[in-house]
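This is what each chain is made of:
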Amino acid sequence: MYQPEKHTNEEIQTFIDQPGRQLMFLSADWCGDCKVIKPFVQGIKDEVSKTAGWIDADRDDNLDLATSYGLRGIPSFVLFIDGKKVDQIGHGERLTPKQVTDWYEGTLQ
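From a predicted model like this one, the values you see are computed outputs, not experimental measurements.

(A) Structural context of the sheet that holds strand β2 (residues 53–58). The mixed open sheet is built from 4 strands, whose spatial order is β2-β1-β3-β4. The sheet is open, and its two borders are formed by β2 and β4 (84–89), each paired with just one other strand. For this sheet, the mean angle separating the axes of adjacent strands, direction not counted, is 25°. Inspection of the sheet shows strand β1 (residues 21–27) paired to β2 by 6 bridges, in the parallel sense. When the bridges of β2 are listed, S27 appears paired with D58. Across the sheet, helix α1 (residues 9–16) lies against β1, β2 and β3 (76–81), angled at about 155° from β2, the strand it touches most. Contacting β1, β2 and β3, helix α2 (residues 32–48) runs over the sheet at an angle of about 160° to β2.

Shown next, in the form of structure tokens:
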């Protein structure tokens, strides 16, 4: 099962602020819907990493950062381009891998 890496708010913000496409996966260990999708996250990451950077964020450890971007529900996948939040999928509902990959592919067009 996918184990997200831990990062500080500062590390995540520095990553987001890089030029280009960056995707943040926001989750928490206690989240039931996060546990359901985690077995598929590595495959999603592998696909996304072909066209964007990837970083993990923990909803509890990075609460200030998540709040600053209006992120409340988990799991969430959040797309940033040139440091600006442009789209996200996930607002606290259960997501399927296909929903996430279809959403991401749609952001490429």
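(B) Molecular detail of the nonpolar core. The biggest cluster of nonpolar side chains holds 17 residues, and the ones touching the most others in it are I12, M24 and L71. Elements represented by at least two residues in this core include exactly α1, β1, β2, α3 (63–68) and β3. Per-element tally for this core: the top contributor is α1, with 3 residues. Those residues in contact with M24 that lie beyond four places of it in its chain are I12, I16, I55, A57, L65, L71, S76, F77, V78 and F80. Ranked by size, the runner-up nonpolar core spans 16 residues in total, among them I37, A52, W54 and L79.

(C) Expanded view of the side chain of K45. With respect to the element layout, K45 can be found in helix α2. The charged side chain of K45 is buried without a salt bridge, its nearest counter-charge being E5 at 4.7 Å. In this structure K45 touches Y2 and W54, once residues within four positions along its chain are discounted.

(D) Layout of the packing of aromatic side chains. The full count for this structure, using the stated rule, is 7 aromatic pairs. Grouping aromatic residues by their ring pairs yields a cluster made of Y2, F25, W54 and F77.

(E) View of α1. Considered for burial, the residues of α1 that qualify are I12, F15 and I16. For α1, the angular spread of buried residues about the axis comes to 100°, placing them on one side. Facing away from the buried surface of α1 by more than 90 degrees, the exposed residues are E10 and T14. In this fold, the buried residues of α1 make contact with β1, β2, α3 and β3.

Conventions and cut-offs
Residues numbered from 1 in each chain as written. Predicted model: local features only at pLDDT ≥ 70, side-chain atom pairs only at ≥ 80, totals over all residues. Heavy atoms only, no water. Pairing = 2+ DSSP bridges. Helix = DSSP H or I, 4+ residues; strand = E, 2+ residues; numbered from the N terminus. Axes fitted to C-alpha atoms, helices over the stretch in contact; angles between N-to-C directions. Contact = heavy atoms within 4.5 Å. Core = buried A, V, L, I, M, F, W, Y, C linked by side-chain atoms within 4.5 Å. Buried < 20%, exposed > 50% of the residue type's maximum accessible area, 1.4 Å probe, protein only. Lys, Arg positive; Asp, Glu negative; His and termini not counted. Salt bridge = Lys/Arg side-chain N within 4 Å of Asp/Glu carboxyl O. Phe/Tyr/Trp six-rings, centres within 6.5 Å; stacked < 30°, edge-to-face > 60°. Arc of directions from axis to C-beta.

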